[in-house]
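A closer look at the structure
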Amino acid sequence: MISLYCALVHYPVRDRAGNTVTASLTNLDVHDISRLAFTYGLRGYFVITPLMAQQTLAKRILDYWKTGAGKHRMPERSLALGLCRPLSSLERAIEQIQLETGKPPRVLATAARPPQVSAISSFQAEAMRLQQSEDPVLILFGTSHGLDRSILDRADAILEPIRGHRGYNHLSVRCAAAITLDRLVGSN
Ligand code: SAM
């Protein structure tokens, strides 16, 4: 059984100028990536932000769908959103996974343009690893203009960038998450 988690990081991320910033949470990212995570059998999806107001917003969205009117209106959506949990930092997410699985996760970061000196790992290698081991894996997706260098350096490896047929490859995080999960644990 695969033990795969993902996280959407809102801090620390980079802005257009390369500064370290905190990005705002969006309702769309909560819903779309929860549905993705549920579809691909992930054990959890963490929305990471240090801002209490943003964590409260995430909890409000989730409460509506997990226990409120949304649960009755769209029960299947309620199931998907049940995977989503707001946490204050990457370290909290790692601790939570260790609590649930007994082991700290292998942390994989993602980026359209990884730094030159990064430890890049292929989708094929990581898909194989997931098939052959029940050790937990946490995949990090960024917001704004991408994960801060401190997060990329903290990861055990950076997944190879998704490339199309042109030099441009800056995907929305929802598209990137969908392609990544399908390449790692999709049925085909
Ligand atoms: N320039 C940013 C970067 O280098 O990732 C693009 C940011 S994009 C709006 C937000 C997130 O989507 C990224 O942090 C990454 O997690 C994911 N992402 C976007 N394009 C990607 C690609 N081509 N390959 C892998 N991940 C990608």
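Above this text you will find the structure in question.
All of the points below concern the structure found in this document. Here the structure is a predicted model, which is why all the values come from computation and not from measurement.

It is worth spelling out helix H5 (residues 90-101) at this point. The end-to-end C-alpha distance of H5, which contains twelve residues, comes to 16 Å, matching closely the 16 Å that a straight helix rising 1.5 Å per residue would cover. For H5, the full list of buried residues reads Leu-90, Ala-93, Ile-94 and Ile-97. Within H5, the buried residues cover an arc of 100 degrees as seen down the axis, which keeps them to one side. Tucked inside the fold, the buried residues of H5 contact strand S1 (4-9), strand S4 (44-48), strand S5 (84-87), strand S6 (106-109), strand S8 (137-142) and helix H7 (149-154). One or two positions beyond H5, positive phi appears at Gly-102, with a value near 85 degrees.

For the ligand, the set of nearby residues contains 18 residues, the closest of which are Thr-110, His-145, Ile-162, Asn-169 and His-170. Residue Leu-171 places a main-chain N or O atom 3.1 Å away from a nitrogen atom belonging to the ligand. In isolation the ligand exposes 540 Å². Once the protein is present, 92% of that is buried. Where the shell around the ligand is concerned, the elements lending two or more residues are S8 and helix H8 (173-185). Partitioning the shell around the ligand into residue classes produces nine nonpolar, seven polar and two charged.

Here we come to the packing of aromatic side chains. For the coordinates displayed, the defined rule picks out two aromatic pairs. Measuring from centroid to centroid gives 5.9 Å for Tyr-5 and Phe-46, while their planes differ by 5 degrees, and the two rings are stacked. Of this pair, Tyr-5 sits in strand S1 while Phe-46 sits in strand S4; the two residues are 41 residues apart in sequence, bridging distant segments of the chain. Residue Phe-46 is classed as buried on the basis of its relative accessible area, which comes to 0%. With 5.2 Å between their ring centres and 80 degrees between their planes, Tyr-64 and Trp-65 make a pair best called edge-to-face. When its relative accessible area of 36% is taken as the criterion, Tyr-64 is described as partly exposed. A relative accessible area of 9% means that Trp-65 is categorised as buried. In this arrangement the basic side chain of Arg-77 is found over the ring face of Trp-65, its NZ or CZ atom lying 5.6 Å from the centre.

Definitions and cut-offs
Residues numbered from 1 in each chain as written. Predicted model: local features only at pLDDT ≥ 70, side-chain atom pairs only at ≥ 80, totals over all residues. Heavy atoms only, no water. Helix = DSSP H or I, 4+ residues; strand = E, 2+ residues; numbered from the N terminus. Expected span 1.5 Å × (residues − 1). Buried < 20%, exposed > 50% of the residue type's maximum accessible area, 1.4 Å probe, protein only. Arc of directions from axis to C-beta. Contact = heavy atoms within 4.5 Å. Near = heavy atom within 4 Å. Polar contact = N/O pair within 3.5 Å; in protein donor to acceptor, adjacent residues only side chain to side chain. Areas by Shrake-Rupley, 256 points an atom, 1.4 Å probe, with all protein chains shown as cover. Nonpolar A, V, L, I, M, F, W, Y, C, P; charged D, E, K, R; others polar. Phe/Tyr/Trp six-rings, centres within 6.5 Å; stacked < 30°, edge-to-face > 60°. Lys NZ or Arg CZ within 6 Å of the ring centre and 35° of its normal.

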